[in-house]
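# Coordinate inspection notes
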Amino acid sequence: MSRVTDSAGKRKKKPAEEADVPPHPKEEFLRMDRIPHIWCPTCGIGTSVGAFIEGLKASGLDRDKVAIVSGIGCTGRVAGYVKLDSYHTTHGRAIPFAVGLSLARPDMKVVVYSGDGDLISIGGNHFIHAARRNHNLTVICVNNFIYAMTGGQCAPTTPLGAISSTTPYGYNEHPFNLPYLAASCGATYVARWTALHVRRLAEAVTEALHKRGFSFIEVICPCSTLYARRNKLGTGLDLLKFYHDSCEIRHGEHPENVDVAFQEKIIVGKFIDIDKPCYMDVREKILKKKLGDRYLSYPELEHGRKQKV
Ligand SMILES: Cc1ncc(C[n+]2csc(CCOP(=O)(O)OP(=O)(O)O)c2C)c(N)n1
Ligand code: SF4
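All of these numbers come straight from a predicted model, not from anything done at the bench. (Residues numbered from 1 in each chain as written. Chains lettered and ligands numbered in written order. Predicted model: local features only at pLDDT ≥ 70, side-chain atom pairs only at ≥ 80, totals over all residues.)

## Some words on the overall build of the chain
On a plain count of helices and strands, the chain comes out with 11 helices and 12 strands. Against the 2.2 N^0.38 benchmark of 19 Å for 309 residues, the chain shows a C-alpha radius of gyration of 21 Å, consistent with a compact globule. Counting every position in the chain, which comprises 309 residues, the buried fraction comes to 43%. (Helix = DSSP H or I, 4+ residues; strand = E, 2+ residues; numbered from the N terminus. Rg over C-alpha atoms; globule rule 2.2 N^0.38 Å. Buried ≥ 20, exposed ≤ 12 C-beta atoms within 10 Å, placed from the backbone.)

What follows is the structure, encoded as structure tokens:
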């Protein structure tokens, strides 16, 4: 880095803005004033965000019509770093915030980006009902198998036998299979990739963003600091090598068959892609039938074309 001299003649670092560093390739999509981020070296969350941005770009969606909502956790930081309309909500409540936003602004695509603890543990009930109602949301769940931000406690996704701060002898509960959970609750698009599969993940993001209804992507990501270290799995890079050697792509596989076991084969791919009317469409059809002309759809309310009855 080039240097300048201060009033005392001492050499000092140039301010970051003036330094001769090339701009970040994704600068346009990031809140650079919040960078550097908090994530540890070789954590997979940032890689997933890179793929998300690529998928968003490829979708061609107007960025003013896309919002991003996160809960609390290491992954919960994502909404604050991505330059969209962003909401950093309370732990486990990303989905209800997103549902409210999506109902109030059906012209927007709302993305929920959060951790497995946030979405499936404390937020589990919201998750299953949003999928059942087929709300028009894209939910991206970074599954690092633990509650990372709070010190690596076990989560409902921790593989049987894995060590966490609260299960020092190994996790002894059966974890959720997230694609199976999402699909059985009614999700219309379900895929799983890892932080290694950046191009496939970006493609999945594009597809999910174009889906009308509840689309779900699980991204298996290394938590190098807590999960990998405690389980003696090396660094995040070692986990990427493990994904490389142990992932099998099986598009169309029944989600029932994609359980994750500790350090065993991981089935990835697009498992579900179906069409089903989303919550707003069903609601509109029923209300129109019942209320006839008295029913005001969202654009009619917005532009005040009719008087409210
Ligand atoms: C109501 C509430 N309960 C508990 C917490 C503490 N808490 C903050 S983040 C977190 C877990 C985060 O785990 P996860 O969602 O998997 O995200 P990660 O940090 O692994 O990315 C917990 C339990 C909180 N902030 N609020
Ligand atoms: S604690 Fe784990 S999940 Fe959190 S930033 Fe560090 S590596 Fe990533």
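## Considerations on the domain arrangement of the chain
We note that the domain assignment places domain 1 (23-276) and domain 2 (277-309) within the chain. Placing the centre of domain 1 and that of domain 2 at their C-alpha centroids yields a distance of 34 Å. Looking at the side of domain 1 that touches domain 2 residue by residue, the class counts come to 1 nonpolar, 4 polar and 3 charged. (Domains from an automatic or database assignment. Nonpolar A, V, L, I, M, F, W, Y, C, P; charged D, E, K, R; others polar.)

## Side note on the site of ligand 1
Near ligand 1, the surroundings consist of 17 residues, among which Gly-73, Gly-115, Gly-117, Asp-118 and Ala-148 are the closest. Residue assignment for the shell around ligand 1 shows that the elements contributing at least two residues are helix H4 (116-122) and strand E7 (146-147). Among the elements that line the shell around ligand 1, the one with the most residues is H4, at 3 residues. Considered class by class, the residues forming the shell around ligand 1 number 8 nonpolar, 7 polar and 2 charged. (Near = placed C-beta within 6 Å.)

## Let's talk about the pairing of strand E9 (residues 189-194)
With 6 of 6 residues buried, E9 is to be regarded as a mostly interior element. Bridging between E9 and strand E10 (residues 215-220) involves 6 bridges; their strand directions are parallel. Within E10, the residue paired with Trp-193 across the bridge is Val-219. As defined by bridge partners, E9 adjoins strand E12 (residues 266-273) across 4 bridges and the pair is classed as antiparallel. The partner of Ala-191 across the bridge, within E12, is Lys-270. (Pairing = 2+ DSSP bridges.)

## Notes on the environment of Arg-230
By the secondary structure assignment, Arg-230 is in helix H8 (residues 224-230). Under the C-beta neighbour-count criterion, Arg-230 is labelled partly exposed, with 17 such atoms within 10 Å. Along the backbone, Arg-230 and Ala-162 are 68 residues apart, and their C-alpha atoms lie at a distance of 8.9 Å. The residues touching Arg-230, leaving out its near neighbours within four places in the chain, are Gly-152, Ile-163 and Ser-164. (Contact = placed C-beta atoms within 7 Å.)

## Points about the site of ligand 2
As a structural note, the neighbourhood of ligand 2 is formed by Trp-39, Cys-40, Cys-43, Ile-45, Cys-74, Asn-144, Ala-148, Met-149, Cys-223, Ser-224, Thr-225 and Leu-226. At 3 residues, the largest contribution of residues to the shell around ligand 2 is made by H8. The residue inventory of the shell around ligand 2, partitioned by class, reads 9 nonpolar, 3 polar and no charged.

## Some details on the packing of helix H3 (residues 94-104) against helix H5 (residues 124-133)
Direction vectors running N to C along H3 and H5 enclose 35°, while the axes themselves pass 8 Å from each other. Note on element contacts: H5 touches H3 through His-126, Phe-127 and Ala-130, opposite Ile-95, Pro-96 and Val-99. (Axes fitted to C-alpha atoms, helices over the stretch in contact; angles between N-to-C directions.)

## Some thoughts on the packing of helix H1 (residues 45-59) against helix H7 (residues 198-210)
At a closest axis distance of 7 Å, the pairing of H1 and H7 adopts a crossing angle of 50°. Comparing their axes, H7 and H1 come out oblique. The hand of the H1/H7 crossing is right-handed. Residues Thr-47, Ser-48, Gly-50, Ala-51, Phe-52, Glu-54, Gly-55, Leu-56, Ala-58 and Ser-59 of H1 pack against Val-198, Leu-201, Ala-202, Glu-203, Ala-204, Val-205, Thr-206, Leu-209 and His-210 of H7. Looking at the contact of H1 with H7 residue by residue, the class counts come to 10 nonpolar, 7 polar and 2 charged. (Parallel < 35°, antiparallel > 145°, perpendicular 65-115°, else oblique. Left-handed = near helix turned anticlockwise from the far one by under 90°.)

## Quick look at H1
For H1, built from 15 residues, the straight-helix expectation of 21 Å at 1.5 Å per residue is met to within 8% by its first-to-last C-alpha distance of 21 Å. All of the buried residues in H1 are Ile-45, Thr-47, Ser-48, Val-49, Ala-51, Phe-52, Ile-53, Gly-55 and Leu-56. On its buried face, H1 is in contact with strand E3 (66-70), helix H2 (78-81), strand E6 (137-143), H7 and E10. Just beyond H1, the residue with positive phi is Gly-60, at close to 75°. (Expected span 1.5 Å × (residues − 1).)

## Observations regarding the nonpolar core
Counting residues in each nonpolar core, the largest one holds 78 residues, and the members touching the most others are Val-69, Ala-98, Val-112, Ile-140, Ile-146, Val-205 and Val-219. Beyond its immediate sequence surroundings of up to four residues, Val-112 is in contact with Val-69, Ala-94, Ile-95, Ala-98, Leu-137, Val-139 and Ile-140. (Core = buried A, V, L, I, M, F, W, Y, C linked by C-beta atoms within 7 Å.)

## So, the sheet that holds E3
Spatial strand order, E4-E3-E5-E6-E10-E9-E12-E11: 8 strands in an open sheet with mixed pairing. Edge positions in the sheet fall to strand E4 (85-88) and strand E11 (247-249), since each has one partner strand and no second. The mean inter-strand angle of the sheet, taken between neighbouring strand axes irrespective of direction, is 20°.

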